[in-house]
Amino acid sequence: MLKPTTTRAVALATLALLWIGHTTTAVAQEPANVGKGQQYFDKVCAKCHETGVGPVLKGRDLPEATYIIIARLGRNAMPAFRITDIDDDTLVAVARYLAGTPKNPDQGATP
Amino acid sequence: MVTMMNSKYQALPKGVSEAQFDEAIGQFAAALGADQVLTSAEHLTPYTKIMMAVDTAEHTPSAVLLATSVEQVQAVVRICNAYKIPVWPISTGRNFGYGSAAPVERGQIVLDLKKMNKILHVDTELCTALVEPGVTYQQLYDYLEENKLPLMLSFSAPSAIAGPLGNTMDRGVGYTPYGEHFLMQCGMEVVLANGDVYRTGMGGVKGDKAWQVFKWGFGPTLDGMFTQSNYGICTKMGFWLMPKPPVFKPFEIKFDNDDDIGDIVELLRPLRIAQIIPNAVVIAGTLWEASTCNTRRSDYLTTPGATPDSVIQQIRKDKNLGAWNVYAALYGTPEQVEVNWKIVTDTIKRAGKGKIVTQEEAGDTQPFKYRAQLMSGVPNLQEFGLYNWRGGGGSMWFAPVSQARGSECGKQVQLAKSILNKHGLDYVGEFIVGWRDMHHVIDVLYDRSNPEEMKVAHACFSELLDEFEKQGYAVYRVNTAFQERVANSYGPVKRKLEQTLKRALDPNGILAPGKSGIRI
């Protein structure tokens, strides 16, 4: 029997690796690409994550990779955001925007 | 149960060897571009995120293809025919609680049409639109707003990320006067299994301009045949938009008792049929309401099982919710709305029960706010609060249809609640009132991260289908784990006819075999 958890673990590891590779490129090419990330966050993510439906994401002091991995795979009821929903560049920009929001002491780090 | 295989692919289509699949993948890459053919775990895993109570592995695709044009869709079906590979088309893949983006069977290829996202046409005089599969309601809403077009959308609750084509093809419903979405559909372009591009209605007439305004064309009208089915891949869909009314007046009517459901339906039906209340009215139960104003079961209980009535009573009190909460709206000129408002308020007064809440009284509070948004075509995702009721990401919609009669609705609620509670789950339901029918929509919510609760939810869902069928009820739509089961509810003659059509139109059975239980 194929274990979903195994597939998930492999995917997580690969995504994290992809992110590390990707982010280096992104930093070099688009150092100030925060506008695009915030724009996407406000348009889509905020509809859950700023309304009490999903957990607050701003000020969590989480690494960018956490946002990327959870967005791609989903988590509990949170849908997975596929490559056709949000491309890698925009997702990195969203993660960078969120990771850069000022730390809020009321928000724990656990996603 | 899925057998582990030793392959570089996450899954393989049934009856296709790895070597054959290698060849097919090469062909797909040549037709679409190598970067538009996805087979790796990191790319495929997001397509396997399901909410149904079955093993994810049962719905894992073998590959995902990203098409950007009708010609590419034609190329895909030709290759699928050559290699007898089944393909599962998705538009935005946001059919939450019905299967999301994952294929009905392990190993099918997902054809993701999200990149085909052009708003091809919006006619502000005739109030029509023509869109590609990947267009989302949010995208269309932004387009209308940016261009200041006086038109209103109708959509399902996951409006911000779902889209009109997919929702209509699965016969989803919304909350405005145009809430029966398939009724408002006008003109389809469909890629058939043999690669032909077929247009319904007036779409085949050279030089025609009436494709989006006249549904029927000449001869058989086949649009319905392509919905909830697997006879073609819809690549364009036309539909009607409602002119934005000068006045929009949403309101709620709260009823105190569980037993009021029968009277509510009897009160509302005449107003709905006569179009005094023109929109798809909702009658929401307490726990639906509670969840969508960010109430969690864990706020009240930490023990497993069905939530006791005493706790539900307490939630009503704490959150100021009714046992049943009706949401409806009036649309039109000030004069029209004034007249209809008087009819509505007089009806409620005469009934001697029900407390009307206006937008002015509700202010910015939930769930009134998101209900008003849904009834006026403003996208939001507030209804995802349902998933927080128990947490754990498990959701399966159980949606039996009934007549819009009070006695029918009361009977359905009692039956559903007793089965759900027996399995330790809660009745979290609402009725969506069509013109003469009710879509009784119940979210079977469970903790999908708990294997035991997953088993329970599966058993519960099966029992709901069985017991409702014994009473003459069937669902109008179901998740991809129960397609075959529900197809049986509708009888053998229908199934045989559908199979005959399938064999004629798709002799290799490449298009979504298993959708609605239809196969060659």
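A.B. asks: Tell me what's going on with the overall build of chain B, and back it up with residues and numbers.
C.D. replies: Scanning chain B from terminus to terminus reveals 15 helices and 19 strands. Relative to the 2.2 N^0.38 estimate, which gives 24 Å for 520 residues, the radius of gyration of chain B is 23 Å and therefore close to what a compact globule would have. Along the three orthogonal principal directions, the C-alpha set of chain B runs to about 70 × 60 × 45 Å. With 520 residues in all, chain B has 62% of them scored as buried. Contacts in chain B between residues far apart in sequence, at least 24 positions, make up 73% of those at least 6 positions apart. Accessible surface for chain B amounts to roughly 19,800 Å². Of this, 53% is attributable to carbon and sulfur atoms. Looking at charge distribution, chain B has the averaged site of its 52 positive side-chain charges lying 2 Å from that of its 55 negative ones.

A.B. asks: Please give an account of the interface of chain B and chain A that cites residues and values.
C.D. replies: Chain B puts 41 residues into the contact, and the matching count from chain A is 30 residues. Joining chain B to chain A, the criterion identifies three salt bridges. A salt bridge links D85 of chain A to R94 of chain B; the shortest N-O distance between them is 3.0 Å. Between the two partners, chain B and chain A, sit ten residue pairs in polar contact (both at pLDDT 80 or more). When contributions to the side of chain B that touches chain A are tallied by element, the ones reaching two or more residues are α2 (41-44) and α4 (137-146) of chain B. Looking at the side of chain B that touches chain A residue by residue, the classes come out as 18 nonpolar, 13 polar and ten charged.

A.B. asks: Give a detailed account of the packing of aromatic side chains, specifying residues and quantitative values.
C.D. replies: All names here are of chain B. One pass over the full model with this rule turns up 16 aromatic pairs over all chains. Through a chain of ring-to-ring contacts, three or more aromatic side chains come together here, namely F398, F461, F468, Y473 and F482. The aromatic ring of W240 is capped on one face by K215, whose charged end is 5.1 Å from the ring centroid. A cation over an aromatic ring shows up here: K249 above the ring of W341, its NZ or CZ 4.3 Å from the ring centre.

A.B. asks: I'd like a description of the pattern of salt bridges, backed by residues and values.
C.D. replies: All names here are of chain B. Under the definition given, this model contains 38 salt bridges over all chains. Its salt-bridge partner being K455, residue E452 comes within 3.4 Å of it at the nearest N-O pair. You can see E452 and its partner K455 sitting in helix α13 (residues 451-470), three residues apart, about one turn around the helix. Judged by its relative accessible area of 56%, K455 is exposed. Several salt bridges converge on common partners, so that one network encompasses K14, E105, E484, R495 and R519.

A.B. asks: So what's going on with the packing of helix α12 (residues 406-422) of chain B against α13 of chain B? Which residues, and what values?
C.D. replies: How two helices sit against one another is set out by the angle between their axes and by the gap between those axes. Residue and element names in this part refer to chain B. α13 packs onto α12 with a crossing angle of 150° between their chain directions and a minimal axis gap of 10 Å. Classified by the angle their axes make, α12 and α13 are roughly antiparallel. α13 is crossed by α12, and the crossing has right-handed handedness. Between α12 and α13, the residues in contact are Q412, L415, A416, I419, L420 and K422 and C460, E463, L464, E467 and F468, respectively. Split by residue class, the contact of α12 with α13 holds seven nonpolar, one polar and three charged.

A.B. asks: Give me the confidence of the model for chain A: which residues, what numbers.
C.D. replies: Regions with low pLDDT should not have their predicted coordinates read in detail. All names here are of chain A. When pLDDT is averaged along chain A, the result is 78, and 66% of the positions lie at 70 or above. For residues 1-11, every residue scores under 50 in pLDDT, and the model assigns this stretch 22 contacts once sequence neighbours within four places are set aside. Counting interchain partners and residues more than four positions distant, the pLDDT-below-50 stretch residues 17-31 has 18 contacts.

A.B. asks: Which residues make up the side chain of R106 of chain B, and what are the values?
C.D. replies: Residues and elements named next belong to chain B. Locating R106 in the fold gives a position in the loop between β3 (87-90) and β4 (109-112). Buried charge without a partner: R106 forms no salt bridge, and the closest opposite charge is D55, 7.5 Å away. At 2.9 Å, the side chain of R106 and the backbone oxygen of Q10 are in polar contact.

A.B. asks: Account for the domain arrangement of chain B, with residues named and values stated.
C.D. replies: Residue and element names in this part refer to chain B. As assigned here, chain B comprises domain 1 (18-115), domain 2 (119-243) and domain 3 (247-470). Inter-centroid distance (C-alpha atoms) of domain 1 to domain 3 is 36 Å. Carbon and sulfur atoms supply 57% of the area that domain 1 and domain 3 bury against each other, a total of about 930 Å² over both sides. In this structure, the connection of domain 1 to domain 3 is made through zero salt bridges. Joining domain 1 to domain 3, the criterion identifies nine residue pairs in polar contact (both at pLDDT 80 or more). Split into classes, the residues belonging to the side of domain 1 that touches domain 3 amount to seven nonpolar, two polar and one charged.

A.B. asks: Outline the sheet that holds strand β8 (residues 185-191) of chain B, supporting the account with residue identities and numerical values.
C.D. replies: Note on sheets: strands pair through backbone hydrogen bonds, and any given pair is parallel or antiparallel. Residues and elements named next belong to chain B. Strand order across the open sheet formed by five strands is β5-β6-β10-β8-β9, with antiparallel pairing between neighbours. The sheet is open, and its two edges are formed by β5 (119-123) and β9 (197-199), each paired on a single side. Taken over all neighbouring pairs, the strand axes of this sheet differ in orientation by 10° on average, direction set aside. Judged from the four bridges that link them, strand β6 (residues 128-131) and strand β10 (residues 233-240) form a sheet pairing that is antiparallel. Opposite V131, over in β10, you have M237 as the bridge partner.

A.B. asks: Can you explain the pairing of β10 of chain B? Please cite residues and give values.
C.D. replies: Residues and elements named next belong to chain B. With seven of eight residues buried, β10 is to be regarded as a mostly interior element. The sheet contact formed by β8 and β10 spans five bridges and is antiparallel. Following the sheet pairing, V190 is matched in β10 by C234.

A.B. asks: Explain the nonpolar core to me, and be specific about the residues and the numbers.
C.D. replies: Residue and element names in this part refer to chain B. Formed by 91 residues in total, the largest nonpolar core has its most connected members in V122, W288, F384 and Y387. Once residues within four sequence positions are removed from consideration, V122 is found in contact with T128, A129, L140, Y143, L144, L149, L151 and L241. Judged by nonpolar contacts, the second largest core, of 57 residues, contains F255, L268, V344 and I442.

A.B. asks: Residue-level account of helix α8 (residues 309-319) of chain B, with values.
C.D. replies: All names here are of chain B. Within the span of α8, buried status applies to V311, I312, I315 and R316. Here the buried residues of α8 occupy an arc of 150° about the axis, which is enough to place them on one side. Residues of α8 that are exposed and point over 90 degrees away from its buried face: S310 and K317. Following α8 by one or two positions, N320 adopts a phi angle in the positive range, close to 60°.

A.B. asks: Run through the sheet that holds β4 of chain B, naming residues and quoting values.
C.D. replies: All names here are of chain B. The strand order across the open sheet formed by four strands is β1-β2-β4-β3, and the pairing between neighbours is mixed. Each edge of the open sheet carries a strand with a single partner, namely β1 (37-38) and β3. Pairing geometry for strand β2 (residues 63-66) and β4, over four bridges, is parallel. Following the sheet pairing, A63 is matched in β4 by I109. Along the sheet, helix α1 (residues 18-32) contacts β1, β2 and β4; its crossing angle with β2, the most-contacted strand, is approximately 15°.

Rules and cut-offs
- Residues numbered from 1 in each chain as written.
- Chains lettered and ligands numbered in written order.
- Predicted model: local features only at pLDDT ≥ 70, side-chain atom pairs only at ≥ 80, totals over all residues.
- Heavy atoms only, no water.
- Helix = DSSP H or I, 4+ residues; strand = E, 2+ residues; numbered from the N terminus.
- Rg over C-alpha atoms; globule rule 2.2 N^0.38 Å.
- Buried < 20%, exposed > 50% of the residue type's maximum accessible area, 1.4 Å probe, protein only.
- Contact = heavy atoms within 4.5 Å.
- Areas by Shrake-Rupley, 256 points an atom, 1.4 Å probe, with all protein chains shown as cover.
- Lys, Arg positive; Asp, Glu negative; His and termini not counted.
- Charge placed at Lys NZ, Arg CZ, Asp CG, Glu CD.
- Salt bridge = Lys/Arg side-chain N within 4 Å of Asp/Glu carboxyl O.
- Polar contact = N/O pair within 3.5 Å; in protein donor to acceptor, adjacent residues only side chain to side chain.
- Nonpolar A, V, L, I, M, F, W, Y, C, P; charged D, E, K, R; others polar.
- Phe/Tyr/Trp six-rings, centres within 6.5 Å; stacked < 30°, edge-to-face > 60°.
- Lys NZ or Arg CZ within 6 Å of the ring centre and 35° of its normal.
- Axes fitted to C-alpha atoms, helices over the stretch in contact; angles between N-to-C directions.
- Parallel < 35°, antiparallel > 145°, perpendicular 65-115°, else oblique.
- Left-handed = near helix turned anticlockwise from the far one by under 90°.
- pLDDT = per-residue confidence, 0-100.
- Domains from an automatic or database assignment.
- Buried area = accessible area lost by both parts, 1.4 Å probe.
- Pairing = 2+ DSSP bridges.
- Core = buried A, V, L, I, M, F, W, Y, C linked by side-chain atoms within 4.5 Å.
- Arc of directions from axis to C-beta.

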